[in-house]
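Working through the structure, step by step
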Amino acid sequence: MTLISELTILQPADKEEVDLPRTSADEPAIGKKRLYIESYGCQMNFADSEIVASVMRNAGFATTSSAEDADLIFLNTCAIRDNAEQKVRNRLKHLTGLKRQKPELLVGMLGCMAERLKTKLLEEEKVVDLVAGPDAYRDIPKLVEEAESGQKAVNVFLSREETYADIAPIRLNSNGVTAFVSIMRGCDNMCSFCVVPFTRGRERSRDPHSIVRECQDLLDQGYREVTLLGQNVDSYKWAESSSLPDGEGTGVGSTAPVTFANLLELVALIHPDLRVRFSTSHPKDITDDVLHIMARYDNICNYIHLPAQSGNSRVLKLMNRTYDRPWYEQKIHSIRRILGEDCGISTDMISGFCTETEEEHQDSLSLMDFVQYDYAYMFAYSERPGTLAAKKYADDIPEDVKKRRLNEIIAKQLAHSAARNQRHIGQVQRVLIEGPSKRSDAELCGRNDQNKMVVFPRGDWQKGQYVNVLVTECTSATLRGEVV
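What this report covers is the structure whose coordinates are included nearby. Starting from 1, residues in each chain are numbered consecutively following that chain's sequence as written. Two thresholds apply to this predicted model, a pLDDT of at least 70 for residue-level local features and 80 or more for giving and counting side-chain atom pairs, whereas whole-chain, interface and lining totals are computed over all residues. To get the side-chain values, take all heavy atoms of the structure and skip hydrogens and water.

Structural notes on the sheet that holds strand 23 (residues 478–483)
As a reminder, the rule being used: One bridge is not enough; two strands pair if DSSP finds at least two bridges between them. Think of it this way: any DSSP run of H or I at least four residues long counts as a helix, any run of E at least two long counts as a strand, and we number them from the N terminus. An axis is simply a line fitted to the C-alpha atoms; with a helix, the fit covers only the stretch in contact. Between two such axes, the angle follows the N-to-C directions and lies from 0 to 180 degrees.
Sheet architecture is closed into a barrel: five strands sit in the order 19-20-21-23-22, paired in mixed fashion. Neighbour-to-neighbour, the strand axes of this sheet turn through a mean angle of 50 degrees, independent of strand direction. Sheet topology note: the strand 21 (residues 453–457)/strand 23 ladder contains three bridges and is parallel. Opposite Val454, over in strand 23, you have Leu479 as the bridge partner.

So, in structure tokens, the structure goes:
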């Protein structure tokens, strides 16, 4: 088996979403300057780039899909692993050559890596003209003006209020069918291995009125699926003196907070043809209320990303995950009891965290056997500067041991993914068509309820339609079948 030491995602489409950079699309640019955005990392970053594109459109910029054609280049960065940052630094080397050919070109660094390194980034990477953290995107036009005057420009202020609720995102390279909708920002969990609380700030929830409005607008534009995004969606909570009226479906009073379960129901009620997903859930916060809302509405997908990180309670305590293995197993029992055995469940799993023993690694493998995940995001532990783990614990597991354990996790997950997909053979799956298959224009593809890619002959079907597909075969990553 090939050694895999980086992020591994057991669906090709997901790998494109998370592991490969996304670029901005071409817009008409008569009388406007050209902006090129390259986004790395998580779905939150892709959603943020759509906010940035909207802010910059109002400042007179149109997006382009070519860095060579741009007047302004933004790299929206990830800091979750050292490898993610090295990808960006390698990209900057290429942009240095581009800037030599075009001295007036401006290069900006956005996102988590920008927030983590701040002004140090300007010192280390001379090609960079401006740095903006995740809460400073409204300020970017002013930063660009400063950079155009020859100054280096920085804003890495973290806000306790900013949610960008009033900014309508510009969908970049969209398939016109699926879209991300950010419902909250930041994270209060302080997992010991994670840099996100330091790069995205404290947790704050977005006004539910604006979320429902954005989802309704997407439906009106022809979109048929929204994914509600947050570092921890289950801790979403919005309170105001005059909350949403009961007629809009919350069932909450004038002073009761809107919870994630309430919000999920509000979005599901927009229209039965608008399919709803969400990510990410935290095992300490996901409630039976959320699961019952999922069961109540057919257009809320039966899929939950519930990161375990480890299957051992001692390691989970070191990670500051605030739950133990029995707690996590109980959450899995609740999902299966309320949503059934076919509900898709995925996870994050870290191999070789500080002091992890061989027996504790085996506990992670046994948890995977217990849950039977549909797929997983799997990492070898990478120490991140400034985190609690970096300050308190020695990164004492040798790299070869980390990678060997990671390979064992991957091998087990591949087997589980194949077995879970086998369950669908002979079943009819409702699939939302996202477009042509990547391998052949004679085939179309889309996802089923459990977030699995389904490929089938094109026929006369079109992107954005729902079809019922009889699954006839599968791999560990993909289902194949015929429209019935």
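What about the packing of helix 10 (residues 288–296) against helix 12 (residues 325–339)?
Applicable threshold: Each angle gets one of four labels, with under 35 degrees taken as roughly parallel, over 145 as roughly antiparallel, 65 to 115 as roughly perpendicular, and the rest as oblique. Each crossing gets its hand from how the near helix is turned against the far one by less than a right angle, where anticlockwise is left-handed and clockwise is right-handed. In this analysis, two residues are considered to be in contact whenever any of their non-hydrogen atoms come within 4.5 Å of each other.
The interhelical angle for the contact between helix 10 and helix 12, taken along N-to-C directions, is 25 degrees, at an axis separation of 9 Å. In terms of axis orientation, helix 10 runs roughly parallel to helix 12. In the packing of helix 10 onto helix 12, the handedness of the crossing is right-handed. The segment helix 10 lies against helix 12, with Asp288, Leu291, His292, Met294 and Ala295 engaging Ser334, Ile335, Arg337, Ile338 and Leu339.

Side note on the pattern of salt bridges
To be explicit about the condition: Whenever Lys or Arg places a side-chain nitrogen within 4 Å of a carboxyl oxygen from Asp or Glu, that contact is recorded as a salt bridge. Each residue's exposure class comes from its accessible area (1.4 Å probe, protein chains only) as a fraction of the maximum for that residue type: buried when under 20%, exposed when over 50%, partly exposed otherwise.
This model, assessed by the stated rule, comprises 42 salt bridges. Here Lys284 makes a salt bridge to Asp285, at a shortest N to O gap of 2.7 Å. Residue Lys284 is classed as partly exposed on the basis of its relative accessible area, which comes to 28%. Residue Arg420 pairs with Asp374 through a salt bridge whose shortest N-O separation is 3.3 Å. Linking Arg420 in helix 15 (residues 399–422) with Asp374 in the loop between helix 13 (358–371) and strand 18 (375–380), this pair joins segments that are 46 residues apart in sequence. Of the residues examined, Arg420 reaches a relative accessible area of 5% and is grouped as buried. Overall, the relative accessible area of 2% leaves Asp374 in the buried class. Salt bridges sharing common partners tie together Asp48, Asp135, Arg185, Arg200 and Arg204.

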